[in-house]
Amino acid sequence: GVGRAADALSSQNDFGRCFAFRGAEGRLTVRLSRPVRPTHFSVEHLHAALCDPARNANCSSAPKAMDVVGRSDNGDLVEFGSFSYAASSDAPTVQTFAAASLGERVDAVTLRVKSNHGHPDYTCLYRFRVHGDE
């Protein structure tokens, strides 16, 4: 990637402060502080009202198709589902998706971005969050 992955985990999501990676496909793996049973995942990007080409802000860099997988306590891969982030002007900046597989404890989670909203050069991930129970 060309951006800092840590920016996607930070609560500070100022304009331009994102995990930017080349192209439309990329991934972010998060090692959790303790094993959890994920219930939801949140993805955040700029609001469409802030997307202004004069400021080099382009909402087409928002992730679109993505899936989330985790690594269970015993090392098995757990698939939590495929999701689509909406980047329209009436879409919320923070979008939360329910995990398709419940009950598996994982110690790491990977967000795999499969496409963006059309930007040819890069994708920006402003924030990724894992919600769950111990």
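Remember, predicted model here, so these are calculated numbers, not experimental data.

Caption draft 1: Local environment of the overall build of the protein chain. On a plain count of helices and strands, the protein chain comes out with zero helices and eight strands. Along its sequence from the N terminus, the protein chain presents helices and strands in the succession β-β-β-β-β-β-β-β. Taken across its 134 residues, the protein chain has 43% of its residues classed as buried. A sequence separation of at least 24 residues applies to 72% of the contacts in the protein chain between residues at least 6 apart. Carbon together with sulfur atoms contributes 45% to the accessible area of the protein chain, which is approximately 6,900 Å² in total.

Caption draft 2: Seen up close, the nonpolar core. In terms of nonpolar packing, the biggest core is built from 23 residues, with Phe41 and Phe128 touching the most fellow members. The set of elements that each furnish at least two residues to this core consists of strand S1 (19-22), strand S2 (26-44), strand S3 (65-72), strand S4 (77-84) and strand S6 (106-113). Per-element accounting of this core gives the leading share, six residues, to S2.

Caption draft 3: A look at the layout of surface pockets. By volume, the largest pocket amounts to about 240 Å³. Val30, Leu32, Ser33, Val36 and Val130 are, among the 13 residues lining the largest pocket, the residues nearest its centre. Counting only elements with at least two residues in the lining of the largest pocket, the list comes to S2 and strand S8 (127-133). Partitioned by chemical class, the residues of the lining of the largest pocket number six nonpolar, three polar and four charged.

Caption draft 4: Structural view of the environment of Ala65. Along the polypeptide, Ala65 turns up in strand S3. Among the residues examined, Ala65 registers a relative accessible area of 28% and is labelled partly exposed. In this structure the C-alpha to C-alpha distance between Ala65 and Ser84, which are 19 residues apart in sequence, comes to 4.7 Å. The contact partners of Ala65, leaving out residues within four places of it in the chain, are Phe83, Arg112, Val113, Lys114 and Ser115.

Caption draft 5: Examining the pairing of S3 more closely. Taking burial as the measure, the eight residues of S3 include six buried ones, the bulk of the element. The hairpin formed by S3 and S4 contains four residues between the paired strands, and Gly75 there has a positive phi angle of roughly 95 degrees.

Caption draft 6: Here's a closer look at the packing of aromatic side chains. On inspection of all chains with the given rule, the structure shows four aromatic pairs. A centroid spacing of 6.3 Å and a plane angle of 45 degrees characterise the contact between Phe41 and Phe83, whose relative ring orientation is tilted. Of this pair, Phe41 sits in strand S2 while Phe83 sits in strand S4, placing them 42 residues apart in sequence. Among the aromatic residues, those joined into a cluster by ring pairs are Phe41, Phe80, Phe83, Phe97 and Phe128.

Caption draft 7: Summary view of the environment of Thr110. Relative to the helices and strands, Thr110 resides in strand S6. As for Thr110 and Thr29, which are separated by 81 residues in sequence, their C-alpha atoms are 4.1 Å apart. Not counting residues within four places of it along the chain, the set of residues in contact with Thr110 comprises Arg27, Leu28, Thr29, Asp67, Val68 and Val69. There is a polar contact of 2.8 Å between the side chain of Thr110 and the side chain of Thr29.

What counts as what
For every chain, the first residue of the written sequence is number 1, and numbering continues from 1 along that sequence. Local features in a predicted model are, by the rule used here, given only for residues with pLDDT of at least 70; side-chain atom pairs are given and counted only at 80 or more, and totals for whole chains, interfaces and linings are based on all residues. Hydrogens and water are ignored here; the side-chain numbers use all heavy atoms of the structure. A run of H or I in DSSP becomes a helix once it reaches four residues, and a run of E becomes a strand once it reaches two; helices and strands are each numbered from the N terminus. Summary of the burial criterion: residues with accessible area below 20% of their type's maximum are buried, those above 50% are exposed, and those between are partly exposed, where the area comes from a 1.4 Å probe applied to protein chains only. Residues count as neighbours in contact if any of their non-hydrogen atoms are within 4.5 Å of one another. Note that accessible areas follow from Shrake-Rupley with a 1.4 Å probe, and for residues the cover is restricted to the protein chains shown. Among the buried residues, those of types Ala, Val, Leu, Ile, Met, Phe, Trp, Tyr and Cys that are joined through side-chain atoms within 4.5 Å form a nonpolar core. Points on a 1 Å grid over protein atoms alone make up a cavity when a 1.4 Å probe fits among them but cannot get out, and a pocket when they form an open set with protein on both sides within 12 Å along at least five of seven lines; lining residues each have an atom within 4 Å of a point. Grid points are joined across faces, edges and corners, and a volume is the space filled by probe spheres set on the points. Side-chain classes follow a simple rule in which Ala, Val, Leu, Ile, Met, Phe, Trp, Tyr, Cys and Pro form the nonpolar group, Asp, Glu, Lys and Arg form the charged group, and the remainder, Gly included, forms the polar group. Between any two strands, at least two bridges found by DSSP are needed for them to pair. Pairing of aromatic side chains here covers Phe, Tyr and the six-membered ring of Trp, requires ring centres within 6.5 Å, and sorts the geometry by plane angle: under 30 degrees stacked, over 60 edge-to-face, intermediate tilted. Polar contact criterion, stated in full: a pair of N or O atoms within 3.5 Å, where within protein one must be able to donate a hydrogen and the other to accept it, and residues adjacent in sequence count only if both atoms are side-chain atoms.

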